[in-house]
Amino acid sequence: MEKLDLRLAAAAEFVREGTVAADIGTDHGYLICYLINEGICSRGFATDINIKPLESAKALIAEMELEDDIETVLTDGLEGLPGEEIDEVLICGMGGETICGILEKTKWVKSERVHLVLQPMSRADMLRRWLCDNGWYIDEEKAVEVEKHLYTVMSVSYSGVKETPDDFYCLTGELAGMNDNYAIKYLRWQANIQRGIASGLLRSANQKENALKHIQLADMIDEQADETENDR
Ligand SMILES: C[S@@+](CC[C@H](N)C(=O)[O-])C[C@H]1O[C@@H](n2cnc3c(N)ncnc32)[C@H](O)[C@@H]1O
């Protein structure tokens, strides 16, 4: 098996040892095969909503002779999976909204026993907000850069306590204050997005106040990145 790319390698690092994992939207099956092959997970489920990616996961599982340890399931999200057997839910490579939709539909996933590893391709801000609004908290994040794109990977647990995060937290999550080059790069990128939104809004006559809100956020994020760099 080829080495995992940095995105999936970061996800694998958050998976607890000796657990049973469900890799949702497995596609080629790289992540779940790696976790079983390395002995990080004792058993796993590889699911996909589409038959073609699931067939490619099946082919890799067969090639690596892991058929006894990984069950493949054609399903939407977590539907029909035996929740009582699963400790780790991995949802990587999907949009933030799709990830929320998958988690929202399943009751058993809202449990302190179940740990999530989430890697949104887009809308990480809305995913952070939704998680906090729904009783989850982010214990840790890691920023990675793959082919000039920055991504965050999140380690998420459930407490049942609903929090209302502010915009700064939604945009930066647990990466704020992290002494790590990619975390700082992620913050600078978020600040630039806010400045881009503000300059778009400033073209409309009645959006000045709204634009200022985005500029303030960008300043706060840049200040946090400056502070982390200065503390080195
Ligand atoms: C871009 S691939 C990501 C593959 C792998 N998880 C990764 O991160 O490299 C997204 C996969 O998720 C699957 N998918 C999309 N929506 C899904 C859903 N609701 N339930 C299960 N799989 C889904 C797609 O068919 C596709 O194979």
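Positions within a chain are numbered from 1, following the residues in the order the chain's sequence is written. The predicted nature of this model means local features are confined to residues of pLDDT at least 70 and side-chain atom pairs, given and counted, to a pLDDT of 80 or more, with totals for whole chains, interfaces and linings taken over all residues.

The next point concerns the domain arrangement of the protein chain. By the assigned domains, the protein chain splits into domain 1 (6-163) and domain 2 (181-230). Here, residues touch in the contact sense if the C-beta positions derived from the backbone fall within 7 Å of one another. Between domain 1 and domain 2, the contact holds five residues from the first and five residues from the second. Here a strand is any run of E in DSSP of at least two residues, a helix any run of H or I of at least four, and the numbering for each starts at the N terminus. Listing elements by their share of the side of domain 1 that touches domain 2, those giving two or more residues are strand S6 (136-146) and strand S7 (149-158). A total of three residues in the side of domain 1 that touches domain 2 trace back to one element, the largest contributor, which is S6. Across the side of domain 1 that touches domain 2, the residue classes break down as three nonpolar, one polar and one charged. Each domain's extent was defined by an automatic or database domain assignment. Each residue is assigned to one of three groups, with Ala, Val, Leu, Ile, Met, Phe, Trp, Tyr, Cys and Pro labelled nonpolar, Asp, Glu, Lys and Arg labelled charged, and all others, Gly among them, labelled polar.

On to the nonpolar core. Ala 11, Ala 22, Leu 31, Leu 35, Val 89, Leu 90 and Leu 187 are the most contacted members of the largest nonpolar core, which totals 65 residues. Element by element, the count of residues in this core is highest for helix H2 (residues 30-37), at seven residues. Among the domains, domain 1 (6-163) and domain 2 (181-230) are the pair contributing at least three residues each to this core. When near neighbours in sequence (up to four residues on either side) are disregarded, Ala 22 contacts Gly 44, Phe 45, Thr 47, Leu 78, Leu 81, Ile 86, Val 89 and Leu 90. Buried Ala, Val, Leu, Ile, Met, Phe, Trp, Tyr and Cys residues form a nonpolar core when they are connected through C-beta atoms within 7 Å. Residues with at least 20 other C-beta atoms within 10 Å of their own are called buried, those with 12 or fewer are called exposed, and the rest are partly exposed. The C-beta atoms themselves are positioned from the backbone.

Taken together, the neighbourhood of the ligand is formed by 17 residues, with Gly 25, Asp 27, Pro 53, Cys 92 and Gly 93 sitting nearest. Within the residue set of the shell around the ligand, elements represented by two or more residues are strand S2 (41-48), strand S4 (88-94) and helix H4 (96-104). Looking at the shell around the ligand, the element that brings in the most residues is S4, giving three residues. Tallied by class, residues from the shell around the ligand come to seven nonpolar, seven polar and three charged. Nearness rests on one distance test: the residue's C-beta atom, set from the backbone, must lie within 6 Å of the molecule or strand.

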